[in-house]
Amino acid sequence: MFKKLFLLPTSEQRTVGLDILRTIAILLVMISHSKTYLPENIQSFLSFFLIDGVAVFFVLSGFLIGRIMIKVFTKEISFKQIFNFWARRWLRTLPNYYFILLILIGLEGIVNNKDITPYIFKYSFFLQNLYYPIVDFFPESWSLAVEEWFYLVCPLLFFLIYSFVKKQSKKNIFFGGILLVILSANIVRVYYYFDLGSKNYFTYDRYFVRQVITRIDAIIYGVLAAWVYVYYPAIFNKNKVINFILGCITILLIHNFESLYQPFQYLLSFSLTSIAIMLTLPFLNNMKQIKFKALQYSIVHISLISYSMYLINLSLVTFWILPLFKIQTDFINFFLFWGITLVISTILYKKLELPFLTLRDKILK
């Protein structure tokens, strides 16, 4: 029965290299949320490699969705295509999100007897961190809000540019939209840096790291990689091994030294990290499979359930489920955190996410 639970339908056409990147991203998020259960010396060792998993998610998502947008909108930039794009994205992301959101709102209202009305509207429409700090309720949802606003805004931006400059090629229209988003996010970060005054962890975390208007460019860097992939494939694939190594080294250097230089950390590190992640994409995009089938299956499995893992691992598992066991031993809590997250995420994927994906493909075929 347990084996049957973890058996997921997969496609032979998957790009395992991108599955590896998605798996690394969710594992980084999971480790960052569970490392407090580990001894301090292990935490210190992990911290050197514990880069921002969400940034990896953003660039990878932009690359995958960017290829879809370019392919679809190259044929026709119209409201029909935009609505189709929105429907496909929202049927992929919203069912799981609203399911977990309802559970968390119910727990806050019924168990903690808190006033939940401020949460309902903001979190239902991804307004929890648009241009102001997110509250402590469902804090990890900040990154999904960035994704959803990207889905909403970028197709409309491409459509708007196309409406004004129809004589331009689609290639130039996409590039113009990409540059506009990158420029806008950097302008906001510069404004925040000089306007907010004193700099501390709260300011950095809530205004720079976890707001839609300061992080949406991370996804657009992935779209930029998709743009190069589609229009300049030779450049995209040139020196992919060297670029992969350079990207990995750059990510680690930025992660470990950015906090030593304040203007760099607040103004440049976000863009440079995204560019470094971009450099790893050509090599991984050409990796179709790996020799060890058991390892490949594990990677693909975690990649498939990564969205469910992201939604439940912190607010639901850490804050609500683990305390029910009342276990004082950190190591046991560490393994419980991972085990519970993997099991529930697999069930969520099979029973909720996958059926909606199947329904989506039938409706929008």
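Residues numbered from 1 in each chain as written. Predicted model: local features only at pLDDT ≥ 70, side-chain atom pairs only at ≥ 80, totals over all residues. Heavy atoms only, no water.

### Brief notes about the overall build of the chain
Next up, step 1: What the chain contains, in helices and strands, is 15 helices and zero strands.
Next up, step 2: A globule of 365 residues ought to have a C-alpha radius of gyration of about 21 Å, and the chain, at 21 Å, matches this closely.
Next up, step 3: Once the C-alpha set of the chain is aligned to its principal axes, its extents read approximately 65 × 55 × 45 Å.
Next up, step 4: The buried share of the chain, reckoned over its 365 residues, is 50%.
Next up, step 5: Restricting to contacts in the chain with at least 6 residues of sequence separation, those with at least 24 account for 79%. (Helix = DSSP H or I, 4+ residues; strand = E, 2+ residues; numbered from the N terminus. Rg over C-alpha atoms; globule rule 2.2 N^0.38 Å. Buried < 20%, exposed > 50% of the residue type's maximum accessible area, 1.4 Å probe, protein only. Contact = heavy atoms within 4.5 Å.)

### Thoughts on the nonpolar core
Next up, step 1: In this structure, Tyr97, Phe138, Phe150, Leu281 and Leu311 are the most contacted members of the largest nonpolar core, which totals 103 residues.
Next up, step 2: In terms of residue count, helix α14 (residues 293-325) provides more of this core than any other element does, 15 residues in total.
Next up, step 3: Each residue touching Tyr97, except ones within four places of it in the same chain, is listed here: Tyr123, Phe126, Gln128, Phe138, Ser141, Leu144, Tyr307 and Leu311. (Core = buried A, V, L, I, M, F, W, Y, C linked by side-chain atoms within 4.5 Å.)

### Focus: a nonpolar patch on the surface
Next up, step 1: Side chains of Val241, Ile245, Ile249, Leu253, Phe257, Leu260 and Tyr261 sit close together on the surface and give an oily, nonpolar patch of about 700 Å² of accessible area.
Next up, step 2: One can find Leu260 in the loop between α12 (240-257) and α13 (262-285). (Patch = residues over 30% accessible without salt bridge, like charges linked within 9 Å, V, L, I, M, F, W, Y side chains within 5 Å. Areas by Shrake-Rupley, 256 points an atom, 1.4 Å probe, with all protein chains shown as cover. Salt bridge = Lys/Arg side-chain N within 4 Å of Asp/Glu carboxyl O.)

### Considering the packing of α12 against α13
Next up, step 1: Contact geometry for α12 and α13: axes closest at 7 Å, N-to-C directions at 150°. Judged by the inter-axis angle, α12 sits roughly antiparallel to α13. Along this stretch, α12 crosses α13, giving a crossing that reads as left-handed. On α13, the residues that touch Lys240, Val241, Asn243, Phe244, Leu246, Gly247, Cys248, Thr250, Ile251 and Ile254 of α12 are Phe264, Ser269, Leu272, Thr273, Ala276, Ile277, Leu279, Thr280, Pro282, Phe283 and Leu284.
Next up, step 2: Looking at the contact of α12 with α13, its residues break down into 14 nonpolar, six polar and one charged. (Axes fitted to C-alpha atoms, helices over the stretch in contact; angles between N-to-C directions. Parallel < 35°, antiparallel > 145°, perpendicular 65-115°, else oblique. Left-handed = near helix turned anticlockwise from the far one by under 90°. Nonpolar A, V, L, I, M, F, W, Y, C, P; charged D, E, K, R; others polar.)

### Comments concerning the pattern of salt bridges
Next up, step 1: All told, the structure shown has 11 salt bridges when counted by the stated rule.
Next up, step 2: As a salt-bridge pair, Arg88 and Asp361 come within 3.2 Å of each other at their nearest N and O atoms. Of this pair, Arg88 sits in helix α5 (residues 79-110) while Asp361 sits in helix α15 (residues 330-363), and the two are 273 residues apart along the sequence.
Next up, step 3: Classification of Asp361 by relative accessible area gives partly exposed; the value is 37%.

### Details of helix α4 (residues 53-75)
Next up, step 1: With 23 residues, α4 extends 34 Å from end C-alpha to end C-alpha; this agrees with the ideal 33 Å at 1.5 Å per step.
Next up, step 2: In this structure Asp52 caps α4, since a side-chain oxygen of it lies 3.1 Å from the backbone nitrogen of Val54. (Expected span 1.5 Å × (residues − 1). Polar contact = N/O pair within 3.5 Å; in protein donor to acceptor, adjacent residues only side chain to side chain.)

### Quick look at the side chain of Asn333
Next up, step 1: Of note, Asn333 is situated in helix α15.
Next up, step 2: With a relative accessible area of 7%, Asn333 lands in the buried category.
Next up, step 3: Looking at Asn333, its side chain comes within polar contact range of the main-chain oxygen of Ile327, at 2.8 Å.
Next up, step 4: Ignoring any residue separated from it by four or fewer positions in sequence, one finds Asn333 in contact with Tyr37, Leu322, Ile327 and Gln328.

### Some points on the packing of aromatic side chains
Next up, step 1: Within the structure shown, the criterion is met by 40 aromatic pairs.
Next up, step 2: Ring geometry for Phe63 and Phe236: centres 5.8 Å apart, planes at 5°, overall stacked. With Phe63 in helix α4 and Phe236 in helix α11 (residues 233-237), this residue pair connects regions lying 173 residues apart in the sequence.
Next up, step 3: Owing to a relative accessible area of 0%, Phe63 belongs among the buried residues under this scheme.
Next up, step 4: Between Phe158 and Phe174, the aromatic rings sit 5.1 Å apart at their centres with planes inclined by 90°, giving edge-to-face as the arrangement. Of this pair, Phe158 sits in helix α7 (residues 142-164) while Phe174 sits in helix α8 (residues 170-195), and the two are 16 residues apart along the sequence. Each of the two residues, Phe158 as well as Phe174, counts as buried.
Next up, step 5: The structure contains a cluster of three or more aromatic residues connected by ring pairs, namely Tyr191, Tyr192, Tyr193, Phe194, Tyr204, Tyr207, Phe208, Tyr266 and Phe270.
Next up, step 6: A cation over an aromatic ring shows up here: Lys122 above the ring of Tyr132, its NZ or CZ 4.8 Å from the ring centre. (Phe/Tyr/Trp six-rings, centres within 6.5 Å; stacked < 30°, edge-to-face > 60°. Lys NZ or Arg CZ within 6 Å of the ring centre and 35° of its normal.)

### Considering the packing of α7 against helix α10 (residues 212-231)
Packed helices, taken two at a time, are described by the angle between their axes plus the distance between the axes.
Next up, step 1: Taken N-terminus to C-terminus, the directions of α7 and α10 make an angle of 65°; their axes are 9 Å apart at the nearest point. Between α7 and α10, the crossing angle belongs to the class labelled roughly perpendicular. Crossing geometry of α7 relative to α10 is assigned as right-handed. Residues Trp142, Ala145, Val146, Glu147, Trp149, Phe150 and Cys154 of α7 touch α10, and the partners they reach there are Val212, Arg215, Ile216, Ile219, Ile220 and Val223.

### Considering the environment of Asp361
Next up, step 1: For the pair Asp361 and Phe125, spaced 236 residues apart in the sequence, the C-alpha separation amounts to 24 Å.
Next up, step 2: Reaching out from Asp361, the side chain makes a polar contact with the side chain of Arg88 at a distance of 3.2 Å.

### Here's the deal with α13
Next up, step 1: For α13, spanning 24 residues, the distance from its first C-alpha to its last is 34 Å, which sits close to the expected 34 Å at 1.5 Å a residue.
Next up, step 2: A maximum bend of about 60° is found in α13 at Leu268. (Bend = angle between axes of the 7 residues up to and from the residue.)

### Some details on unusual backbone geometry
Next up, step 1: One non-glycine residue with positive phi stands out, namely Asn239, at about 55°.
Next up, step 2: Turning to its location among the elements, Asn239 is positioned in the loop between α11 and α12.
Next up, step 3: On the basis of relative accessible area, Asn239 is assigned to the partly exposed category, the value being 46%.
Next up, step 4: Even without glycine at this site, Lys326 takes up a positive phi of about 55°.
Next up, step 5: Taking the relative accessible area as the measure of exposure, Lys326 reaches 69% and is therefore exposed.

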